[in-house]
Amino acid sequence: MANILIYFLKKDIKSRYAGSGLGLIWAFLLPLFQIFLFWFVFAGILKARPFPGSEIPYLHFLLSSFFCWLAFSEGLMRSTTTILENSEIVKKVSFPNIVLPISATLSSYAHHLIGLAIFLLIYTVTVSLHFSFVFIVPVLALQIAFSAGLGMILASLLPYFRDLGQIMGYVLQGTFFLSPVMYSIDLIPEKLKFLVLLNPFTYFAVSYQKMILFKKPPDLFHFGLVLLFSLFALAVGTYIFRRLKDGFADVL
């Protein structure tokens, strides 16, 4: 299974910009445009401060979780459609097709985490390096596991409910605005904060901000929640995919 996963992962990465004149450069252009847009609106026009009374630059705040959000959202969108996009292979070839949503998830993270690595490198050189940065690895690993679990659920459901692909775009857009990526959770009115706290990605974003901006390990409660989310998503995703995969050939 590992060899098949690596094959599809390589295939996905190679085909992402096949035939494109700028190739891998596109991987940076769109995120750079989005970063500039958010920075210009929130820091340039609104003069927003991410935390009350803090001198942390807005750009640092934004980048501390923005690339992780991009990887999360793209991973879900791409893994959702993997069974449909590979319908001919799924119908005609016997192989562990659970690797399809997993490879799409891993490809999306490999794609966007280059930006996070560059940001952390520049941040380390220009600001400081701190031991808390090592905790980024387990939190990020749990986020990838969480994404893979959700991706398996969505990929297995889409062949049966085709409208799910359209719905996901709206769900992810809403999830983004209900995540403390562009704004600090400290700025949310108390009566509305519960909406943001219902969003699982909130706890990943807050953990990254604490580790990078405040140079502290993630809160144990938040870490426990992301661990629970990830294990639950993996278990449920694997179960649902295995229960539904035998019917893929009939509905594709």
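Note: the structure precedes this text.
With that out of the way, let us pick up the overall build of the protein. Within the protein one finds twelve helices and zero strands. Walking the protein from its N terminus toward its C terminus, one meets helices and strands in the order α-α-α-α-α-α-α-α-α-α-α-α. With respect to the three principal axes, the spread of C-alpha positions in the protein is 60 × 45 × 35 Å. Here the protein holds 252 residues, and 45% of them are scored as buried. Taking the intrachain contacts of the protein between residues at least 6 apart in sequence as the baseline, contacts between residues at least 24 apart amount to 78%. Counting only carbon and sulfur atoms, one obtains 71% of the accessible surface of the protein, whose full area is about 13100 Å². Each charge class in the protein was averaged separately, 18 positive and 11 negative side chains, and the resulting centres sit 5 Å apart.

The probe, sized like a water molecule, is rolled over the atoms to show the empty space still left. In this structure, the second largest pocket occupies an estimated 310 Å³ of space. Around the second largest pocket sit 17 residues that line it, and Leu-32, Leu-63, Phe-67, Gly-115 and Ile-118 are the ones nearest its centre. For the lining of the second largest pocket, the secondary-structure elements that each account for two or more residues are α2 (26-45), α3 (58-80) and α6 (99-126). Here the element with the most residues in the lining of the second largest pocket is α6; it accounts for eight residues. When its residues are assigned to classes, the lining of the second largest pocket shows twelve nonpolar, five polar and no charged.

When the charged atoms of two side chains lie near each other, side chains of opposite charge can form a pair. This model, assessed by the stated rule, comprises three salt bridges. Between Lys-193 and Glu-190 there is a salt bridge whose closest N-O contact spans 3.1 Å. In this pair, Lys-193 and Glu-190 are both assigned in helix α9 (residues 190-197), three residues apart and thus about one turn of the helix distant. Relative accessible area serves as the criterion here: at 17%, Lys-193 is assigned to the buried category.

Here α3 crosses α6 at 170°, and the two axes come no closer than 7 Å. Classified by the angle between their axes, α3 and α6 sit roughly antiparallel to one another. Contacts from His-60, Leu-63, Ser-64, Phe-67, Cys-68, Leu-70, Ala-71, Phe-72, Glu-74, Gly-75, Arg-78 and Ser-79 of α3 reach α6 at Pro-101, Ala-104, Thr-105, Ser-107, Ser-108, Tyr-109, His-111, His-112, Gly-115, Leu-116, Phe-119 and Tyr-123. When the residues that make up the contact of α3 with α6 are grouped by side-chain class, the tally is twelve nonpolar, ten polar and two charged.

Scanning the entire structure with this criterion turns up 19 aromatic pairs. Aromatic side chains Phe-36 and Trp-39 sit 6.1 Å apart centroid to centroid with 40° between the ring planes, which places their arrangement in the tilted category. In this pair, Phe-36 and Trp-39 are both assigned in helix α2, three residues apart and thus about one turn of the helix distant. With 6.0 Å between their ring centres and 50° between their planes, Tyr-203 and Phe-229 make a pair best called tilted. Within this pair, whereas Tyr-203 is found in helix α10 (residues 201-212), its partner Phe-229 is found in helix α11 (residues 220-244), the two being separated by 26 residues in sequence. On the accessibility criterion, Tyr-203 (10% relative accessible area) is buried. By relative accessible area, which is 22% here, Phe-229 ends up partly exposed. Within the aromatic cluster, the residues linked to one another by ring pairs are Trp-69, Phe-72, Phe-146, Phe-176, Phe-177, Phe-201, Tyr-203, Phe-204 and Phe-229.

The rules behind the values
Residues numbered from 1 in each chain as written. Predicted model: local features only at pLDDT ≥ 70, side-chain atom pairs only at ≥ 80, totals over all residues. Heavy atoms only, no water. Helix = DSSP H or I, 4+ residues; strand = E, 2+ residues; numbered from the N terminus. Buried < 20%, exposed > 50% of the residue type's maximum accessible area, 1.4 Å probe, protein only. Contact = heavy atoms within 4.5 Å. Areas by Shrake-Rupley, 256 points an atom, 1.4 Å probe, with all protein chains shown as cover. Lys, Arg positive; Asp, Glu negative; His and termini not counted. Charge placed at Lys NZ, Arg CZ, Asp CG, Glu CD. 1 Å grid on protein atoms, 1.4 Å probe; cavity = no way out; pocket = protein on both sides within 12 Å on 5 of 7 lines; lining within 4 Å. Points joined across faces, edges and corners; volume = space filled by probe spheres on them. Nonpolar A, V, L, I, M, F, W, Y, C, P; charged D, E, K, R; others polar. Salt bridge = Lys/Arg side-chain N within 4 Å of Asp/Glu carboxyl O. Axes fitted to C-alpha atoms, helices over the stretch in contact; angles between N-to-C directions. Parallel < 35°, antiparallel > 145°, perpendicular 65-115°, else oblique. Phe/Tyr/Trp six-rings, centres within 6.5 Å; stacked < 30°, edge-to-face > 60°.

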